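Per-entry structural report
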Amino acid sequence: MPQIFGLVKRTFFNQPILLIILLFSSANCLAKQQILSQQPHCSTLSKTHLVSESQKLGTQLQQWNTLYHLSGSSPVSDEMYDQLLTTWQGWQACLNLSEQLPPANIPVNSKRKKHPIAHTGLKKLNKAAITTWIATRANIWLQPKVDGVAVSLIYKQGKLVSMISRGNGIEGLEWRDKADFIPAVLKQLPTSQEQLILQGELFWQLNGHIQENKGSINARNQVAGWLMRKTFPSKVENNIGIFVWAWPEGNDNVGEQLKQLSKLGFTLTQKYSHKVENMAQVKQWQEHYYQTPMPFATDGIVLKTSPTPKAEAWQTGNNSWSVAWKHPYRSTISKVKDLHFRVGRTGLVSVVAEIEPIELDSKKVSRLSLGTLKSWQKKDVLIGDTIQVVLAGHGIPKLESVIWRLQERTYPDISRLKHFNYLSCLVAASFCQQQFIARLNWLGKQLKLKGISEATWREWVEDYHLTKLTTWLSPKWQNDLPNNKKNRSLIAQFNEVDKQLLAGWLKGLGIPLKDKQLLFISELSQFDDPKFIDQLGLSLNQTAKLNRWLLEPEIQDALQVVKEIKRKPPIE
């Protein structure tokens, strides 16, 4: 997060010349989304802490919001921004403060121009709210929500005289000169109308783009990048298209308006506009634009009712006649509730985050692997942090990034965790329980013992004094177990372990050798022959590691038990 803030800060304060050529991108009036699993609770933070965190997050959101308006791009994705905005609005509600961010300020030295008709923005609703919205309206039309950079196009007697970037919805930057290098933006229309005003989206043209699979792949940023270049365009850009989504003073009959737009040369609008009557049709089109190959990126669908209010009534942030329904989140944010440190059989420590439950692609996620101790430290994830979660291969939840860190960083004491290694916890001890039980579980698997889970090994360690890796082989210990069917079955397996290959025993006890090297070992006495060790082809480090393992007293005791088992006469 500090890196992201640094990017925003550098963009605004260290490059004033760049701000002159920044475009004002499409921005929607953000409404609260009903993300139940992310609703903040006022009681989780003290009031002082809540005020501090809300102020910090609000400042960051405003920075991102301003950057988005100015450049059409942002260090965070729309869905991450929307979810963080919901968190901030919840905090503000807890404090009885305004839930609206201040409007973006346009640099005073910019070439500004007022929109003849304001850009109103869109409210973003969830499925339930969309269903209610449809039920109370008639004459509804649907369009894809093209992910690009919004502009106003002004024509006089059919000639393009102005192209204004969205900006704050009231005024933006004059980009008429750049329009000459975008063939898709028509410079002359077949009309003599005194003035014709259109609102639309400049988008980066794609080939067979499937939103569900690829997301927006920075398509909007490609348009923004072209418009933001310090040097003036030297050649036309055929990759930029225009999708007209509003003709405020056009025909009240939407069907006729779409035909007229096509005659003027803006054919995409009619092609991608559909009359809908119920939620089933809306859902069908939403899935279509999410899953079907398209020539542009989309981040949802837009629903509109007709007729719209008169153009003079259009106001920024005040639009009741059109709403957006965003595509399903490809990633979701959650908050870290707790951190669990687990020591594995080799002494490697893994970290698991317990998070506020979320749903990703119909999967409920409440726990998340953060990798090894070293990896967790590098990620710098603490309780209370807000993280971005995605589904990796095979539907496994994965930490994508830490999207927001609490200001107060309280790190747990992990000093004791640094002492675990491949030779630690070969016997039971209070601080060694996790690794010791993991060793037992691994040994049981290598010896092909059936019906013994990690929970069973844990029970035996905690309640039946299983203190060594081979204690379970002792008849005395076995006799102390409850005499039931399950235990009798397990003991019967114990009496058959002498039939297991020596390689299985050695691997189960954690010998630092590879499987192909274990195949050469048929007798424990081979370890006493230096020439045999040399034949294994080990490096100096590997040889030293093997020798340390062989000299460990607990390993020597276990190998002696194995030796006795392997020479035990068969039961007749």
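Computed from a predicted structure; not experimentally measured.

1. What about the pattern of salt bridges?
Tallied over the full model, the rule gives 17 salt bridges. With a shortest N-O distance of 3.2 Å, Lys124 and Asp82 are connected by a salt bridge. A residue pair is termed long-range when its members are at least 10 positions apart, and Lys124 in strand β2 (residues 123–124) and Asp82 in helix α4 (residues 78–94) qualify at 42 residues. Overall, Lys124 belongs to the buried group, its relative accessible area being 4%. Between Glu174 and Lys113 there is a salt bridge; the shortest N-O distance is 3.4 Å. Of this pair, Glu174 sits in the loop between β6 (171–173) and α6 (176–179) while Lys113 sits in strand β1 (residues 112–114), and the two are 61 residues apart along the sequence. Relative accessible area serves as the criterion here: at 35%, Lys113 is assigned to the partly exposed category.

2. Section: unusual backbone geometry
In this structure, Pro307 follows Ser306 across a cis peptide bond, with omega equal to 0°. Structurally, Pro307 can be placed in the loop between β10 (298–305) and β11 (322–326). For Cys425, which is not a glycine, the phi torsion comes out positive at approximately 60°. Its place among the elements puts Cys425 in the loop between β16 (397–404) and α13 (433–446). Look at Cys425 and you get buried, because its relative accessible area is 7%.

3. Some thoughts on the packing of aromatic side chains
By the definition in use, this model includes 14 aromatic pairs. Considering the side-chain rings of Trp285 and Tyr289, the 5.9 Å spacing of their centres and the 25° angle between planes classify their relative orientation as stacked. Here Trp285 and its partner Tyr289 are both found in helix α11 (residues 279–291), four residues apart, which amounts to about one turn of the helix. A residue is classified by how much of its surface remains accessible, and Tyr289, at 1% relative accessible area, is buried. The interplanar angle of 5° and the centroid separation of 6.5 Å between the aromatic rings of Trp472 and Trp505 together place this pair among those described as stacked. One end of the pair, Trp472, is in the loop between α14 (454–463) and α15 (475–479); the other, Trp505, is in helix α17 (residues 502–508), with 33 residues separating them in the sequence. Of the two residues, Trp472 and Trp505, neither departs from the other in class, the shared state being buried. An aromatic cluster is present here, built from Phe203, Phe243, Tyr272, Trp285, Tyr289 and Phe296 joined pairwise through their rings. Taking the ring centre of Trp404 as reference, the NZ or CZ of Lys56 above it sits at 5.1 Å. In this structure, Lys545 packs its charged tip against the face of Tyr422, placed 4.7 Å from the ring centre.

4. Points about the state of the cysteines
Throughout this description, disulfide means a covalent bond between two cysteine sulfur atoms. With the rule as written, the count across this model stands at one disulfide. A disulfide bridge connects Cys425 with Cys432, and the sulfur atoms are separated by 1.9 Å. Judged by the sign of its S-S torsion, about -70°, the bond between Cys425 and Cys432 is left-handed.

5. Some points on the sheet that holds strand β13 (residues 349–360)
Strand order in the open sheet made by the five strands is β14-β13-β12-β15-β16, with antiparallel pairing throughout. Every other strand in the sheet has two partners, leaving β14 (363–372) and β16 as the edge strands with one partner each. Taken pair by pair, the neighbouring strands of this sheet meet at an average axis angle of 40°, ignoring direction. Where β13 and β14 come together, seven bridges link them in antiparallel fashion. What sits directly across from Glu354, in β14, is Arg367.

6. Comments concerning the sheet that holds strand β7 (residues 196–204)
Spatially, four strands are ordered β5-β4-β7-β8 in an open sheet, and the strand pairing comes out antiparallel. The strands lining the two open edges of the sheet, one partner per strand, are β5 (159–165) and β8 (240–246). Within this sheet the neighbouring strands show an average axis-to-axis angle of 35°, counted without direction. Of the strand pairs in this sheet, strand β4 (residues 149–156) and β7 are connected by seven bridges, and their pairing is antiparallel. By the bridge assignment for β7, Ser152 is matched with Gln199. Across the sheet, helix α8 (residues 219–228) is in contact with β4, β7 and β8; its angle to β7 comes to roughly 110°.

7. Quick word on the UniProt feature "active site" (unreviewed entry) in the protein
Mapped onto the present numbering, the UniProt feature "active site" (unreviewed entry) falls at Lys145. Assignment of secondary structure puts Lys145 in strand β3 (residues 140–146). Overall, Lys145 belongs to the buried group, its relative accessible area being 8%.

8. Topic: the packing of helix α20 (residues 540–551) against helix α21 (residues 553–566)
One way to put it is that α20 packs onto α21 with a least axis distance of 5 Å and a crossing angle of 70°. Looking at the two axes, α20 sits roughly perpendicular to α21. The segment α20 lies against α21, with Trp549, Leu550 and Leu551 engaging Pro553, Ile555, Gln556 and Leu559. Its residues assigned to classes, the contact of α20 with α21 shows six nonpolar, one polar and no charged.

9. A closer look at the confidence of the model for the protein
On average, residues of the protein score 86 in pLDDT, and 89% of them are at 70 or above. For residues 1–40, every residue scores under 50 in pLDDT, and the model assigns this stretch 130 contacts once sequence neighbours within four places are set aside.

10. Some points on the nonpolar core
One broad rule of soluble globular proteins: the nonpolar side chains tend to lie buried together. The biggest cluster of nonpolar side chains holds 46 residues, and the ones touching the most others in it are Trp472, Leu506 and Trp549. Elements with a minimum of two residues in this core: α13, α14, α16 (485–494), α17, α19 (530–535), α20 and α21. In terms of residue count, the dominant contributor to this core is α21 (five residues). Every residue in contact with Trp549, bar those within four places of it in the chain, is listed here: Tyr422, Leu423, Leu506, Leu509, Gly510, Ile511, Pro512, Ile555 and Leu559.

Definitions and limits used
- Residues numbered from 1 in each chain as written.
- Predicted model: local features only at pLDDT ≥ 70, side-chain atom pairs only at ≥ 80, totals over all residues.
- Heavy atoms only, no water.
- Salt bridge = Lys/Arg side-chain N within 4 Å of Asp/Glu carboxyl O.
- Helix = DSSP H or I, 4+ residues; strand = E, 2+ residues; numbered from the N terminus.
- Buried < 20%, exposed > 50% of the residue type's maximum accessible area, 1.4 Å probe, protein only.
- Phe/Tyr/Trp six-rings, centres within 6.5 Å; stacked < 30°, edge-to-face > 60°.
- Lys NZ or Arg CZ within 6 Å of the ring centre and 35° of its normal.
- Disulfide = S-S within 2.5 Å.
- Pairing = 2+ DSSP bridges.
- Axes fitted to C-alpha atoms, helices over the stretch in contact; angles between N-to-C directions.
- Contact = heavy atoms within 4.5 Å.
- UniProt positions renumbered as here; feature names shortened; annotations may be inferred.
- Parallel < 35°, antiparallel > 145°, perpendicular 65-115°, else oblique.
- Nonpolar A, V, L, I, M, F, W, Y, C, P; charged D, E, K, R; others polar.
- pLDDT = per-residue confidence, 0-100.
- Core = buried A, V, L, I, M, F, W, Y, C linked by side-chain atoms within 4.5 Å.

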